[in-house]
Amino acid sequence: MDLLIYGSGALACLFAFRLARAGQRVGILDHWEEGVRAIQAKGICQQTGDLAVSCQPVPATSSAQDLSNVPAAIVLVKSWQTAQAAADLAACLAPSARVLTLQNGLGNAEILAGALGAERVAAGSTTSGATLLAPGCFRPGGEGNLTLPASFESTRLCAALRAAGFQLAFTQQLTGLLWGKLLINAAINPLTALLEVPNGQILELPHARRLLAMAVEEAAQAARAAAVELPYTDPLAEVESVLRRTATNQSSMLQDIRRGAPTEIDAITGALLHSARQNQLWLPTHETLYHLVRAKVDAGRLADT
Ligand code: KPL
C-alpha cells in the first residue's frame, strides 16, 4: 500500500477514488462497518449526473490490526473521531510515515501529534465538496482548493495528490490556513444544516445571505482578536466563491444531520466561540447558530424515540 485514507465518508471516498484511479495503491481504514463492507464488495463509486464510474479493488478494513508499515496517511474522518484515528494510526504506520489531516475544525492536528509526534503530522485544508449517496458511493460537489503546509511540498504524498489531479497550493501560515477553513465552515455549515438547502441556495435566499454576511463578519473579528491573519483579504467574497463552486453540494453538517450522525458543530462553531471568549469577544450570530444546530439535533433525536 502506498497511502492509507483514514475514513470512508464522502470526502474520504473522493480522495481514495481519485488517487486509486491515478494508479496509487490506496487502502481505506474506518470503523464504519457499512462503508467498509460496501468498499470491500464493490470498490468506490463516483456518481456524476447519470454516469457512475467504479474503481476497484480498494482494500478496506475496520481494524488497524490488519495493517502494518503503512507509509503515509490522509485523515478524513469527522473531528470527533480524531482520537480513535490517532490510536489506530499509531498502531499501523511505518516509523517514517507522514500524516496529513484535511478534517474540519480546530485541534485535530494536535490530537494526532500527541499520539504520533508533531514532526510527522501536518494539517491542510480542502474546500472540495462531496455528498455520500450510499456507503462507498459519492457525488463530487465542486472543485475546491487544496492547501498544504510548505513542509509537505516534496513528500511522496504531495506527488501522489498532484498525479491524481489535485491542484495544490502551499503555505507557511498554518494557523491562518486552518482559520481560513474554519471561517468558511462556520459560515456555511450551520446555515445549510438548519435550512436544509444545498450550499448554492444560501446565495439565493436574501435573509440567509444576510445571516451569512453577519456570520462571516463575526468570524473575521474573532480571527483579528486572536491575531490570526486569514489567507484571503475579503472573507465574504471567499465564502461566496466556495458557495458558488460547491453550489449543488450538501454541506457535511447537513449530511450528518440527515443521517442522524453527530455533527462537527463543537469543532467548528464551538471552537470559534471558544477562541472569541478567550479574547472577550461576543459573537451573537454564531452563538445563536450553535444553539439552533444543537436544538435541531435534539429535536431529531426526540422524533426518533
Ligand atoms: O467543507 C465543507 C463542508 O461541507 O464541510 C464545504 C467547503 C462547506 C463544502 O460543502
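Not measured: the values here are computed from a predicted model.

Quick question: what am I supposed to make of empty space enclosed by the protein here?
Empty space among the atoms becomes visible once a probe the size of a water molecule is rolled across them. Applying the stated rule across the entire model yields three cavities of 30 Å³ or more. Its boundaries defined by the atoms lining it, the largest cavity holds a volume of some 60 Å³. Along the walls of the largest cavity sit Thr 101, Leu 102, Gln 103, Gly 105, Leu 106, Gly 107, Asn 108, Ala 109, Glu 110, Ala 123, Gly 124 and Leu 178, which together make up its complete lining. The biggest single contributor to the lining of the largest cavity is helix H4 (residues 108-116), with three residues. Classifying every residue of the lining of the largest cavity by side-chain character gives five nonpolar, six polar and one charged.

So what exactly am I meant to see when it comes to the sheet that holds strand S6 (residues 70-75) here?
In any sheet, the strands associate via hydrogen bonds between backbone groups, in a parallel or an antiparallel arrangement. In spatial order, the strands read S5-S2-S1-S6-S7-S8; together these six strands make up an open sheet with parallel pairing. Looking at strand neighbours, the two that pair on one side only are strand S5 (60-61) and strand S8 (121-123), the edges of this open sheet. With three bridges joining them, strand S1 (residues 3-6) and S6 adopt parallel strand pairing. Across the sheet, residue Leu 4 finds its bridge partner in S6, namely Ala 73. Against the sheet, helix H1 (residues 10-21) engages S1, strand S2 (26-29) and S6, with an angle of about 160 degrees to S1.

When you look at the site of the ligand in this model, what are you seeing that I'm missing?
Around the ligand, a shell composed of Asn 104, Thr 127, Lys 181, Asn 185, Ile 188, Asn 189, Asn 199, Val 242, Asn 249, Ser 251 and Ser 252 is seen. A distance of 3.1 Å separates an oxygen atom of the ligand from a polar side-chain atom of Asn 189. Taken by itself the ligand offers 280 Å² of open surface, and the protein chains cover 95% of this. Given that more than half its atoms are within 2 Å of the pocket grid, the ligand belongs to the largest pocket. In terms of residue count, helix H6 (residues 174-195) provides more of the shell around the ligand than any other element does, four residues in total.

Before we go on, may I ask you to explain H1 in this structure?
It helps to recall that an α-helix has 3.6 residues per turn; residues three or four apart then point in one direction. Taking 1.5 Å of rise per residue, twelve residues should cover 16 Å, and H1 covers 16 Å from first to last C-alpha, within 8% of that figure. Turning to H1, its buried residues are Ala 10, Ala 12, Cys 13, Leu 14, Phe 15, Ala 16, Phe 17, Arg 18, Leu 19 and Ala 20.

Sorry if this is basic, but what is going on with the packing of helix H3 (residues 82-92) against H4 here?
Packed helix pairs are specified by the crossing angle of their axes together with the interaxial distance, meaning the distance between the axes. Taken N-terminus to C-terminus, the directions of H3 and H4 make an angle of 30 degrees; their axes are 9 Å apart at the nearest point. When the axes of H3 and H4 are compared, the pair comes out roughly parallel. As for how H3 packs across H4, the hand of that crossing is right-handed. Taking contact as the criterion, the partners of Thr 82, Ala 83, Ala 85, Ala 86, Leu 89 and Ala 90 in H3 are, on H4, Asn 108, Ile 111, Leu 112, Ala 115 and Leu 116. A per-class count over the contact of H3 with H4 returns nine nonpolar, two polar and no charged.

Before we go on, may I ask you to explain the environment of Gln 255 in this structure?
Looking at where Gln 255 falls in the secondary structure, it is placed in helix H9 (residues 252-259). When its relative accessible area of 9% is taken as the criterion, Gln 255 is described as buried. In this structure, Gln 255 is in contact with Ala 10, Ala 130, Thr 131, Leu 132 and Gln 250, ignoring residues within four places of it in sequence.

Before we go on, may I ask you to explain the pattern of salt bridges in this structure?
Two side chains of opposite charge can pair, provided their charged atoms sit close to one another. A full pass over the atoms with the stated rule returns eleven salt bridges. Where Arg 258 meets Glu 196, a salt bridge forms, and the shortest distance between an N and an O atom there is 3.7 Å. Of this pair, Arg 258 sits in helix H9 while Glu 196 sits in the loop between H6 and helix H7 (206-225), and the two are 62 residues apart along the sequence. Salt bridges sharing common partners tie together Lys 78, Asp 256 and Arg 259.

Quick question: what am I supposed to make of the nonpolar core here?
Inside soluble globular proteins, nonpolar side chains tend to come together where they are buried. The biggest cluster of nonpolar side chains holds 38 residues, and the ones touching the most others in it are Ile 5, Phe 15, Leu 19, Ile 44, Ile 74 and Leu 161. If you list the elements that add at least two residues to this core, you get S1, H1, S2, helix H2 (33-42), S6, strand S10 (130-134), strand S12 (146-149) and helix H5 (156-163). Broken down by element, this core gets its largest block of residues, nine residues, from H1. Apart from the residues lying within four places of it in its own chain, the contact partners of Ile 5 are Ala 12, Phe 15, Ala 16, Leu 19, Val 26, Gly 27, Ile 28, Leu 29, Ile 74 and Leu 76. If you look at the next biggest cluster of nonpolar residues, it comprises 37 residues, including Leu 183, Ile 184, Ala 208 and Leu 272.

What's the story with the packing of H7 against helix H8 (residues 235-245) in this structure? I'm lost.
The geometry of H7 relative to H8 is characterised by a closest axis approach of 9 Å and an angle of 130 degrees between their N-to-C directions. Between H7 and H8, the interaxial angle falls into the category oblique. Along this stretch, H7 crosses H8, giving a crossing that reads as right-handed. Within the contact between the two elements, H7 uses Arg 209, Leu 212, Ala 213, Val 216 and Ala 220 and H8 uses Pro 235, Leu 236, Val 239, Glu 240 and Leu 243.

Reading guide: rules and limits
Residues numbered from 1 in each chain as written. Predicted model: local features only at pLDDT ≥ 70, side-chain atom pairs only at ≥ 80, totals over all residues. Heavy atoms only, no water. 1 Å grid on protein atoms, 1.4 Å probe; cavity = no way out; pocket = protein on both sides within 12 Å on 5 of 7 lines; lining within 4 Å. Points joined across faces, edges and corners; volume = space filled by probe spheres on them. Helix = DSSP H or I, 4+ residues; strand = E, 2+ residues; numbered from the N terminus. Nonpolar A, V, L, I, M, F, W, Y, C, P; charged D, E, K, R; others polar. Pairing = 2+ DSSP bridges. Contact = heavy atoms within 4.5 Å. Axes fitted to C-alpha atoms, helices over the stretch in contact; angles between N-to-C directions. Near = heavy atom within 4 Å. Polar contact = N/O pair within 3.5 Å; in protein donor to acceptor, adjacent residues only side chain to side chain. Areas by Shrake-Rupley, 256 points an atom, 1.4 Å probe, with all protein chains shown as cover. Sits in = over half its atoms within 2 Å of the grid points. Expected span 1.5 Å × (residues − 1). Buried < 20%, exposed > 50% of the residue type's maximum accessible area, 1.4 Å probe, protein only. Parallel < 35°, antiparallel > 145°, perpendicular 65-115°, else oblique. Left-handed = near helix turned anticlockwise from the far one by under 90°. Salt bridge = Lys/Arg side-chain N within 4 Å of Asp/Glu carboxyl O. Core = buried A, V, L, I, M, F, W, Y, C linked by side-chain atoms within 4.5 Å.

Geometric values such as these leave the question of function open.
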